[in-house]
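A structural walkthrough
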Amino acid sequence: MGFELDPQLVIILICFGFLAAFIDSVVGGGGLISLPALMFAGLSPSAAVATNKLAGTMGSLTSTITFYRSGKLDIKSVMKYFPWVFISSMIGAWIVHLLDPNLLKPLMLIMLAAVAVYTIFKKDWGSISAVKTLSKTKYILFFLVISLIGFYDGFLGPGTGSFLIFAFLMVGYDFLKAAGNAKLLNFGSNIGALLMFIYLGQINYTYGLIMGAAQIVGAIVGSRFAIKRGSGYVRVLFIIVTITLLAKNGYDFFMK
């Protein structure tokens, strides 16, 4: 692809990439920031989603490593779900080029609303880690939920980080460890979708790598800030981002 890079456009990609990763490294929702920036850069919606996966994969890997080094990632318990979010996200990315992703938007809005309401009214939830061994039935249910979230990330995407955190909160993790665990699986779903988008030839590598480099820095800063501030900070940010996702996608669905 032959074109000259506008220095102002590079600055926009870097600034919005950093900000998106700062938010996304903790509670997800960074696509609210990075996707519009990529479309502003002139990419089509499908190319913007694919390119965002390249940048997002770089950011999610960085934040995963940061959470792991801080001891806020239960890698032994979480790694067994990694192949399933990887595969399901790849399937979702394949199907999205065959079907209209708007098909999932009503369900996504309902889920975001339920997540926001539950988290707001259950004030002490996620303040301490109280993980219990899951029964066979609950384990299968959790496995299915994680796999469906992976499929959703490849197919549509917005709110994936929030849904993953919510899933880990439901099995007893505090907000900080839930965020760390979610980032590992979010990396899995990102890279699965990324490989499919590479196969489909929809990625703008120049824009993706520029934004991805900024996301690496944003992920480091955001993850360290969250680890330093603790679960209370993550809970507040989680609620803000979830409500913002709900408002933004609700507006897009009902008003456009």
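Residues numbered from 1 in each chain as written. Predicted model: local features only at pLDDT ≥ 70, side-chain atom pairs only at ≥ 80, totals over all residues. Heavy atoms only, no water.

1. Considering the packing of aromatic side chains
- Inspection of the entire model under this criterion finds 11 aromatic pairs.
- Counting every residue linked through ring pairs, the aromatic cluster contains Tyr81, Tyr139, Phe142, Phe168 and Tyr173. (Phe/Tyr/Trp six-rings, centres within 6.5 Å; stacked < 30°, edge-to-face > 60°.)

2. With respect to the side chain of Thr62
- When you line up the elements, Thr62 lands in helix H3 (residues 45–69).
- A relative accessible area of 12% means that Thr62 is categorised as buried.
- Apart from residues lying up to four places away in sequence, Thr62 is in contact with Ile216, Ala219 and Ile220. (Helix = DSSP H or I, 4+ residues; strand = E, 2+ residues; numbered from the N terminus. Buried < 20%, exposed > 50% of the residue type's maximum accessible area, 1.4 Å probe, protein only. Contact = heavy atoms within 4.5 Å.)

3. Structural notes on the pattern of salt bridges
- Counted by the stated rule, this structure contains 3 salt bridges.
- Between Asp24 and Lys183 there is a salt bridge, with the nearest N and O atoms lying 3.2 Å from each other. Taken together, the positions of Asp24 in helix H1 (residues 7–27) and Lys183 in helix H9 (residues 175–200) put the pair 159 residues apart, joining distant regions of the chain. The burial state of Asp24 is the same as that of Lys183; both residues are buried.
- We note a salt bridge from Asp153 to Lys53, for which the minimum N-O separation is 2.7 Å. Of this pair, Asp153 sits in helix H7 (residues 136–155) while Lys53 is found in helix H3, placing the two residues 100 residues apart along the sequence.
- Judged by relative accessible area, Lys53 falls into the buried class, the value being 7%. (Salt bridge = Lys/Arg side-chain N within 4 Å of Asp/Glu carboxyl O.)

4. Considerations on the packing of H9 against helix H11 (residues 231–255)
- The N-to-C vectors of H9 and H11 enclose an angle of 65°; their axes lie 7 Å apart at closest approach. It follows from the interaxial angle that H9 and H11 lie roughly perpendicular. Each of Phe175, Leu176 and Ala179 in H9 lies in contact with H11, whose residues at this interface are Ser231, Val234, Arg235 and Phe238.
- Residue composition of the contact of H9 with H11, by class: 5 nonpolar, 1 polar and 1 charged. (Axes fitted to C-alpha atoms, helices over the stretch in contact; angles between N-to-C directions. Parallel < 35°, antiparallel > 145°, perpendicular 65-115°, else oblique. Nonpolar A, V, L, I, M, F, W, Y, C, P; charged D, E, K, R; others polar.)

5. Topic: the UniProt feature "transmembrane region" (unreviewed entry) in the protein chain
- The UniProt feature table records "transmembrane region" (unreviewed entry) at residues 9–35, 47–69, 81–97, 103–121, 141–172 and 233–251.
- Across residues 141–172 one finds 81% helix and 0% strand; the C-alpha atoms that close the span lie 15 Å apart.
- Overall, residues 233–251 shows 100% helix and 0% strand. The separation of its end C-alpha atoms is 27 Å. (UniProt positions renumbered as here; feature names shortened; annotations may be inferred.)

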